[in-house]
Amino acid sequence: MNIFLLLGIVCGLVFLLSMQIEKRSIFNGMFLTLSLLLFLGSGLAVVTTGPVSRYDHLILILYFLFALMLLLFLLFVIGYVIRNTWKLIRKEGRKRNNFFSLLASLGMFSFLLLIPTTFLTIEPLAITITIYIGFYGFLFLSFLVSSILYRYNRPYYNQHYIVILGAGLLRGKKVSPILASRLERGIYFYTMQKKVAPPPRIIVTGGRGEDEIISEAEAMKAYLVHRHIPPQSIIIEDRARNTYENFLYTKKIIPDHQKVVFVTNHFHVFRSSLIAKQLSMAAEGIGSPTAWYFQPNAYTREFIAVLAMNKKPHLLLFSCFLLLLAYFYFS
């Protein structure tokens, strides 16, 4: 058994254990991604050490084809994201947040150009830049894997509360499509639980923005009442201005030892679960669908927000990176 296979098995076992202990962790995605990469590395190590048989040649060809397909796929993703950014800007406007996925795709393209340059030159400066960008590429991939894993979380229909997180209103008072999808997902969960257990209470959380006539929570309650949810089953929390405050203020409403599920969009559910964990709130998340053109930029934005939640180690790493660049450049 080679070292790559052994480490791959260890990472796989750690992933399974980590999922059992805590689903709300980016380490789940990291260990699963690392395990798969190590398994690929173990196969390559087997066919490139010792005598090379014709079967080994066949496996090497398959590995080469896989690498080529992966490269073409990454180039396709870069092209898709650039096209998608243009579509998003046409629909949502030229907001700063709408350019995050474009910057990420340009970073991915730079990384693809750096890899052959690094191997050909073996310059310390190029190696440092490649490792730094590659590390954040691995973190982004791990974040996506963690988000996808958490999307398949299915809470039991035995909850005491459903917390629906707010989103911006249209024209200051109308529920937006993104917010409507969250409300519909909450209604579905409420209806399904009502068939098998006592119905939960619904907390709608969201304050009033500067350009809004009413609070998000008020608009959400009106939507739910219109969809035949009893008004007495709905609790309004209308102070929160962001996801952190959604959970902070909601936690004060909910009594201890109650089962809670929260609802937001698929792209937002994993980061929301991390914030709930940060506030020691035992709440499980469920996601609602989002328009396809919105997702690449949304996931990129969520990743940046997760990095910001742990900014101190990343700032320290960036400082070390700059010092290494300066050392190699001036030496």
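Residues numbered from 1 in each chain as written. Predicted model: local features only at pLDDT ≥ 70, side-chain atom pairs only at ≥ 80, totals over all residues. Heavy atoms only, no water.

As annotated in an unreviewed UniProt entry, the protein carries the name YdcF family protein and comes from Shouchella hunanensis.

Draft legend 1. Seen up close, the confidence of the model for the protein. Averaged over all residues, the pLDDT of the protein equals 87, while 92% of them reach at least 70. Across the protein, the element-wise mean pLDDT spans from 72 in helix α3 (residues 54-92) up to 97 in strand β1 (residues 161-165). (pLDDT = per-residue confidence, 0-100. Helix = DSSP H or I, 4+ residues; strand = E, 2+ residues; numbered from the N terminus.)

Draft legend 2. Quick peek at the layout of surface pockets. A volume near 1,300 Å³ is recorded for the second largest pocket. Taken together, 43 residues form the lining of the second largest pocket, with A167, G168, I178, F294 and R301 sitting closest to its centre. Put simply, the parts of the chain that give the lining of the second largest pocket at least two residues each are β2 (169-170), α6 (177-196), α8 (243-253), α9 (266-278) and α10 (295-309). Along the lines of polarity and charge, the residues of the lining of the second largest pocket split into 17 nonpolar, 14 polar and 12 charged. (1 Å grid on protein atoms, 1.4 Å probe; cavity = no way out; pocket = protein on both sides within 12 Å on 5 of 7 lines; lining within 4 Å. Points joined across faces, edges and corners; volume = space filled by probe spheres on them. Nonpolar A, V, L, I, M, F, W, Y, C, P; charged D, E, K, R; others polar.)

Draft legend 3. Structural detail: the UniProt feature "transmembrane region" (unreviewed entry) in the protein. UniProt records the feature "transmembrane region" (unreviewed entry) at residues 30-48, 60-82, 102-122, 129-150 and 314-330, using the numbering of this structure. As annotated, residues 102-122 comprises 95% helix and 0% strand, and the C-alpha atoms at either end are separated by 29 Å. What you have in residues 314-330 is 100% helix and 0% strand, and the ends, taken at the C-alpha atoms, are 24 Å apart. (UniProt positions renumbered as here; feature names shortened; annotations may be inferred.)

Draft legend 4. Spotlight on the nonpolar core. Ranked by size, the top nonpolar core spans 35 residues in total, and within it F143, V163, F247, I254, V260, F262 and M281 carry the most contacts. For this core, the elements supplying multiple residues, two or more each, are α2 (26-48), α5 (124-151), β1, β6 (260-265), α9, α10 and α11 (311-330). With six residues, the single largest contributor to this core is α9. Residue contacts for V163: discarding those within four places in its chain leaves I203, T205, T250, I254, V260, V261, F262 and V263. The next biggest cluster of nonpolar side chains, apart from the first, holds 22 residues, and it includes L183, A217, I234 and V263. (Core = buried A, V, L, I, M, F, W, Y, C linked by side-chain atoms within 4.5 Å. Buried < 20%, exposed > 50% of the residue type's maximum accessible area, 1.4 Å probe, protein only. Contact = heavy atoms within 4.5 Å.)

Draft legend 5. Structural view of the pattern of salt bridges. Under the definition given, this model contains four salt bridges. Across the pair R24 and E22 runs a salt bridge whose closest N-O atoms are separated by 3.1 Å. Of the charged contacts in the structure, one is a salt bridge between E302 and R271, with a shortest N-O distance of 2.8 Å. With E302 in helix α10 and R271 in helix α9, this residue pair connects regions lying 31 residues apart in the sequence. (Salt bridge = Lys/Arg side-chain N within 4 Å of Asp/Glu carboxyl O.)

Draft legend 6. Fine view of unusual backbone geometry. A positive phi angle, close to 50 degrees, is found at R171, a residue other than glycine. Structurally, R171 is set in the loop between β2 and β3 (174-175). On the basis of relative accessible area, R171 is assigned to the exposed category, the value being 65%. Positive phi outside glycine occurs at S280, with the angle close to 55 degrees. Assignment of secondary structure puts S280 in the loop between α9 and β7 (283-288).

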